[in-house]
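Per-entry structural report
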Amino acid sequence: MAPRRTRTTARDRTRRVLSQNFLADPAAVARLVRAARPGPDDLIVEVGAGRGQLTRPLAASCGRLIAYEVDPAVVDELAGVRRDHPGVTVRHADFLAAAAPDEPFAVVGNIPWSLTAAVVRWCLAAPGLRSATLLTQLEYARKRTGERGRWSRLTVSTWPEYHWRLAGRVPRAAFRPVPGADGGILRLDRRPEPLLSPGALPAYRRMVELGFGGAGGSLAASLRTAHPRARVDGALRAARLDPATPVGLVWPEQWLVLFRLLHTRH
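Residues numbered from 1 in each chain as written. Predicted model: local features only at pLDDT ≥ 70, side-chain atom pairs only at ≥ 80, totals over all residues. Heavy atoms only, no water.

1. A few points about the overall build of the chain
When you go through the chain residue by residue, the secondary structure sums to 12 helices and 9 strands. In terms of overall dimensions, the chain has C-alpha extents of about 65 × 60 × 30 Å along its principal axes. The burial tally for the chain puts 50% of its 266 residues in the buried class. Considering only residue pairs separated by 6 or more positions, the chain has 64% of its internal contacts joining residues 24 or more positions apart. Of note, the chain has its 40 positive side-chain charges centred 6 Å away from the centre of its 23 negative side-chain charges. (Helix = DSSP H or I, 4+ residues; strand = E, 2+ residues; numbered from the N terminus. Buried < 20%, exposed > 50% of the residue type's maximum accessible area, 1.4 Å probe, protein only. Contact = heavy atoms within 4.5 Å. Lys, Arg positive; Asp, Glu negative; His and termini not counted. Charge placed at Lys NZ, Arg CZ, Asp CG, Glu CD.)

Structure (structure tokens):
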């Protein structure tokens, strides 16, 4: 007998278009709130509030909360949260099109996984951002935090200003509908003081772009296109790096050593 075909409803199709996977496990919600560390004076911007599973505990712990939700089918369910917590503002709007607050704030959200890269870019571009605690696909969070021993260009280029870490794992069974992969809690913190002076940051980013450019197949070969070979080799020795090391295996701390040595004027 042929397997029975499950009928897909309009609501199912909307969830797929909006990449919606709601948190249904209270323990997972509590884990995400703990990772966000909301304080009584904090302003939090929530991405993809959904039905308010995360909105309620965040609102109970922070000073003010702006909850963004684009789906009209669920935004009305946030009215009860607004009644119970006067500090909550619900905006039926696209978070990615919103202007960042003019004051220090944190971003928290069980975000649509298909929009992860765009949400992270928005956060990095916001001058007032203090932190972002985002429930992403686990593999994305691992990639950005060096969890598997490899480091991405985005993480390395922003490391002087932001600290990236994997703050927890959420099993796929905690979501409804159940996605095809586990979730990871990505925590992004702006450093109180950058690890490099503001004037040095553009040159550092150019070095990272050069290093990840792939010239010659190794970081050493790429750097030698812009710096004398002897100086590159000396910097690599100081950073405890073999010249043949692939660029993705170079730690952010080693990048900083290389930058300081290669850009120190004699």
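2. Here's the deal with the nonpolar core
Core analysis: the largest hydrophobic core is formed by 51 residues, its most contacted members being Phe105, Val107, Trp164, Tyr204, Met207, Trp255 and Leu258. In this view, Met207 contacts Leu223, Trp255, Leu258, Phe259, Leu262 and His263; residues no more than four positions away in its chain are not counted. (Core = buried A, V, L, I, M, F, W, Y, C linked by side-chain atoms within 4.5 Å.)

3. Brief notes about the pattern of salt bridges
All chains considered together, the criterion is met by 12 salt bridges. Here Arg169 and Asp182 are joined by a salt bridge, their closest N and O atoms 2.7 Å apart. Here Arg169 is found in strand 7 (residues 162-170), whereas its partner Asp182 is found in the loop between strand 8 (175-176) and strand 9 (183-190), with 13 residues between them in sequence. Between Asp189 and Arg187 there is a salt bridge, with the nearest N and O atoms lying 2.8 Å from each other. For the pair Asp189 and Arg187, one class covers both residues: buried. (Salt bridge = Lys/Arg side-chain N within 4 Å of Asp/Glu carboxyl O.)

4. Brief notes about the sheet that holds strand 3 (residues 64-68)
On the basis of which strands lie adjacent, the open sheet formed by 7 strands has the order 4-3-2-5-6-9-7 and mixed pairing. Looking along the sheet, the strands with just one partner apiece sit at the ends: strand 4 (88-91) and strand 7. Across the sheet, the mean angle separating the axes of adjacent strands is 15° when strand polarity is ignored. Pairing geometry for strand 3 and strand 4, over 4 bridges, is parallel. For Tyr68, the partnering residue across the bridge sits in strand 4 and is Arg91. Strand contacts of helix 7 (residues 138-145): strand 6 (129-137), strand 7 and strand 9, with the helix running at about 150° to strand 7, the strand carrying the most contacts. (Pairing = 2+ DSSP bridges. Axes fitted to C-alpha atoms, helices over the stretch in contact; angles between N-to-C directions.)

5. Observations concerning the packing of aromatic side chains
On inspection of all chains with the given rule, the structure shows 7 aromatic pairs. Taken together, a centroid distance of 5.9 Å and an interplanar angle of 75° make the contact between Tyr68 and Phe95 edge-to-face. Note that Tyr68 is positioned in strand 3 and Phe95 in the loop between strand 4 and strand 5 (105-110), a separation of 27 residues in sequence. Relative accessible area serves as the criterion here: at 4%, Phe95 is assigned to the buried category. Consider the rings of Trp113 and Phe175, whose centres lie 5.6 Å apart with planes at 75°: the pair is edge-to-face. Linking Trp113 in the loop between strand 5 and helix 6 (116-125) with Phe175 in strand 8, this pair joins segments that are 62 residues apart in sequence. Across the pair, exposure class does not vary: Trp113 and Phe175 are buried alike. Members of the aromatic cluster, joined through ring pairs, are Tyr68, Phe95, Phe105 and Trp122. When the ring centre of Phe22 is taken as reference, the NZ or CZ atom of Arg51 above it lies at 4.7 Å. Between the NZ or CZ atom of Arg191 and the centre of the ring of Trp159, over which it lies, the distance is 5.0 Å. (Phe/Tyr/Trp six-rings, centres within 6.5 Å; stacked < 30°, edge-to-face > 60°. Lys NZ or Arg CZ within 6 Å of the ring centre and 35° of its normal.)

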